[in-house]
Amino acid sequence: MIICTAGHVDHGKTSLLHALTGTNTAHLPEEKKRGLTIDLGYAYLPVENDILGFIDVPGHQRFLSNMLAGLGSIHHALLVVSAEEGIKPQTEEHLDILRLLNFQHIMVVITKADRASVEQISSLIEKVKTAYPFLAQAKTFVTSAKTLQGIEELKAYLMQLNQHKPQTNKPFRYAIDRVFNIKGVGLVVTGTTVAGSVSVGSELFLSNGKTVRVKAIHAQNTPSQTGSAGQRLALNIANVEKEQIKRGDWITTLEPHFATDRITVSLTPNQSFKENSIVHIYHFARHITGKLNLLEGKQAVKNQQFFAEVILDEPLHIAINDKLIIRNGDDSQTLAGAVVLEIHSPKRHKRTDERLAWVKNLEKTTACDDFAARINLYLQKKAIDLPLLLWAEQLTTKAVAKLGFDVSSKWLFNHEFKAQAQQRVIENITTYHQQHQDQIGVTKARLYRMALLDLPESLANQFIEELVAENRLANSRGWLHLPEHRIEFTHTEWQCWQQIRPLFEATNQALWVRDVASQLSVEEGQMRNLLYKAGKLGYLIPIVKDRFLLSEQISEFAALIKQLVAKQGAISVNQLRDELGYGRKLTVQLMEYFDRSGFLRRKGDVHLLRDSKTF
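Conventions and cut-offs
Residues numbered from 1 in each chain as written. Predicted model: local features only at pLDDT ≥ 70, side-chain atom pairs only at ≥ 80, totals over all residues. Heavy atoms only, no water. Pairing = 2+ DSSP bridges. Helix = DSSP H or I, 4+ residues; strand = E, 2+ residues; numbered from the N terminus. Contact = heavy atoms within 4.5 Å. Axes fitted to C-alpha atoms, helices over the stretch in contact; angles between N-to-C directions. Domains from an automatic or database assignment. Core = buried A, V, L, I, M, F, W, Y, C linked by side-chain atoms within 4.5 Å. Buried < 20%, exposed > 50% of the residue type's maximum accessible area, 1.4 Å probe, protein only.

So what exactly am I meant to see when it comes to the sheet that holds strand 28 (residues 511-512) here?
Hydrogen bonds between backbone groups are what pair the strands of a sheet, and the pairing can be parallel or antiparallel. The sheet built from three strands is open, its strands ordered 28-30-29 with antiparallel pairing. Looking at the sheet topology across the chains shown, the edges are occupied by strand 28 and strand 29 (540-544). Along the sheet, helix 16 (residues 524-536) contacts strand 29 and strand 30 (547-550); its crossing angle with strand 29, the most-contacted strand, is approximately 110 degrees. Strand contacts of helix 17 (residues 551-568): strand 29 and strand 30, with the helix running at about 75 degrees to strand 30, the strand carrying the most contacts.

Following this line, the structure appears as structure tokens:
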């Protein structure tokens, strides 16, 4: 467990931690010389079979950004107030930040008790709890680093608090705040573990997508084989150079493919501000700028809740329920605290009544961190990319599967959504049969465009294939249709087809209706009807009017074209003519057929592959 100390400069935070742990957290020469904390200082206290970690955050206005970097993943705080000086401006600002970050547990620690009277201390405690009602029930300790008054009592309370362990069953997520090389050791990063656990030998991802291996771990300043949520870790990592890592980067179990520059947040203002504002955003160890737009109302009012969209000037690896501090345009005042409700927020229709009602329901699930209810809310009207969901919620596939969802594909959806999508397919193919009774069916690509164009194509194809597997659709040589829909040869037509097919098989050329009719001594009109019926049944394909190729021949030519396009990027009529040994006229007819069918598309003098799944 890590506990932060916050308070005004010179109120004794560093001395308090020295009394508790024996460690001086002013570790930088500049800090020791000037007598104040500039960077984040850490101290550690061994307790039974564990170690408590303390973060001494800066108390000076100039170093506020370092303070904010240290608080993103910590939930317990010591608010340090000098008995001599009482509440000061930085005390108030730090307390605002602790409140806006929704700290679970804030303890009030009065320091320098040896320099004030009992009456003065009692009056100060009453003043603190009156001025800040949310501290009314806070545990209060009166201490002196000089006389050690109250130190053992505080230490015992913190040891008791440490018995409540954070959950480690989430994917590992670790915010980097320092990067350096150590001679003989290699590259080391330090930071706080937001969630999950890590072991020596683990293969993990950096924010930039590179894979790193953990060579060694210091957990709470002690060598360890593992590290877990709520601990301060130093990781000795391999397979990356120092220049490839910066403060604010992440190390994660999940692949970091989902950095976002547009989020929806629940906002608690610390002061009033207008509906559109340029702001500074603090997210763990990152500090960037962006634009904040209220989704309801023209002005944010202090201590009320608002929904807002934040557009970031650069993408961040944000997850649901992450906490942010929002400061004004010149970074001089804290405007609000925020909780992330949604990443990759929509760009349009974001203020409609329906959208705002959905966001309000989303906020309810976030307030109690009910990810199961949140997933059901996501899936009301759409399917979700499963890897995106895992990142946004910082969940494992196993955790989602436990909720009863099928996690075998890339997409997550509920039964109702799937049933509605498949019903649209059945309705569209039924209508098609009614309007085109002489056609056997449609291709998968066309059925997707007819019925499920609003879905990702891979998901639509999955739903269509399941309908075929369940015999709710039939597949006749690539043509999809209802199982009861039939176009069949009569006995006489079938016998005639047995004579026609060998004529096509004997050549790779396209045959005209009149030529086939002449060879078999059949009336031309009758032959035309028969060949077109064979086309509807999927045996033949007319590349132009009255000129046919076997479906198998078309498929072979399509496979050849795919190979050539894979090598060359495109194909011309002359190149295909040379490969097939056709005349130019027939090659042009064949190429134009492939263009019409959606397999190819023409661009100048060449043709590009449009739909590789056709044929």
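Would you mind showing me how to read the domain arrangement of the protein here?
Accessible area lost on assembly of the parts is the figure often given for the size of an interface. On domain assignment, one finds that the protein holds domain 1 (2-163), domain 2 (173-252), domain 3 (260-369), domain 4 (415-481) and domain 5 (489-614). Distance from the C-alpha centre of domain 2 to the C-alpha centre of domain 4: 49 Å.

Which parts of the structure should I look at to understand unusual backbone geometry?
Most of the time, phi is negative for any residue but glycine, and the peptide bond is trans. The backbone phi angle of F284 is positive, close to 50 degrees, even though this residue is not glycine. Within the fold, F284 resides in the loop between strand 18 (276-283) and strand 19 (286-294). The phi torsion at D546 lies on the positive side, around 70 degrees, for a residue other than glycine. Along the chain, D546 falls in the loop between strand 29 and strand 30.

Can you walk me through the nonpolar core in this structure?
A general feature of soluble globular proteins is that nonpolar side chains tend to end up buried together. Ranked by size, the top nonpolar core spans 47 residues in total, and within it V265, L267, L292 and I326 carry the most contacts. Every residue in contact with L267, bar those within four places of it in the chain, is listed here: F273, L292, L294, Q304, Q305, F306, A308, I326, A336, G337 and A338. Judged by nonpolar contacts, the second largest core, of 29 residues, contains A113, L124, L135 and A138.

Would you explain the sheet that holds strand 19 in this entry?
Reading around the barrel, the six strands line up as 16-21-19-18-22-23 and close back on themselves, with antiparallel pairing between neighbours. Averaged over neighbouring strand pairs, the angle between their axes works out to 40 degrees when direction is ignored. Looking at chain direction, strand 22 (residues 323-327) and strand 23 (residues 334-343) are connected through five bridges and run antiparallel. Bridging from a neighbouring strand, L324 pairs with A338 of strand 23.

I'm lost on the pairing of strand 19 in this one. Help?
The two faces of the sheet receive side chains in turn, since in a regular strand these alternate between them. Pairing of strand 18 with strand 19 involves eight bridges; the strand directions are antiparallel. The residue bridging H283 from the neighbouring strand is R286, located in strand 19. Linking strand 18 to strand 19, which pair antiparallel, is a turn of two residues; within it F284 sits at a positive phi near 50 degrees. Both strand 19 and strand 21 (residues 306-316) contribute to a ladder of five bridges, which runs antiparallel. The partner of K291 across the bridge, within strand 21, is I311.

Got a minute to help me understand the environment of Q437 in this structure?
Within the secondary structure, Q437 sits in the loop between helix 11 (415-435) and helix 12 (444-451). The exposed category is assigned to Q437, whose relative accessible area is 62%. Discounting chain neighbours no more than four positions away, the residues touching Q437 are H485 and I487.

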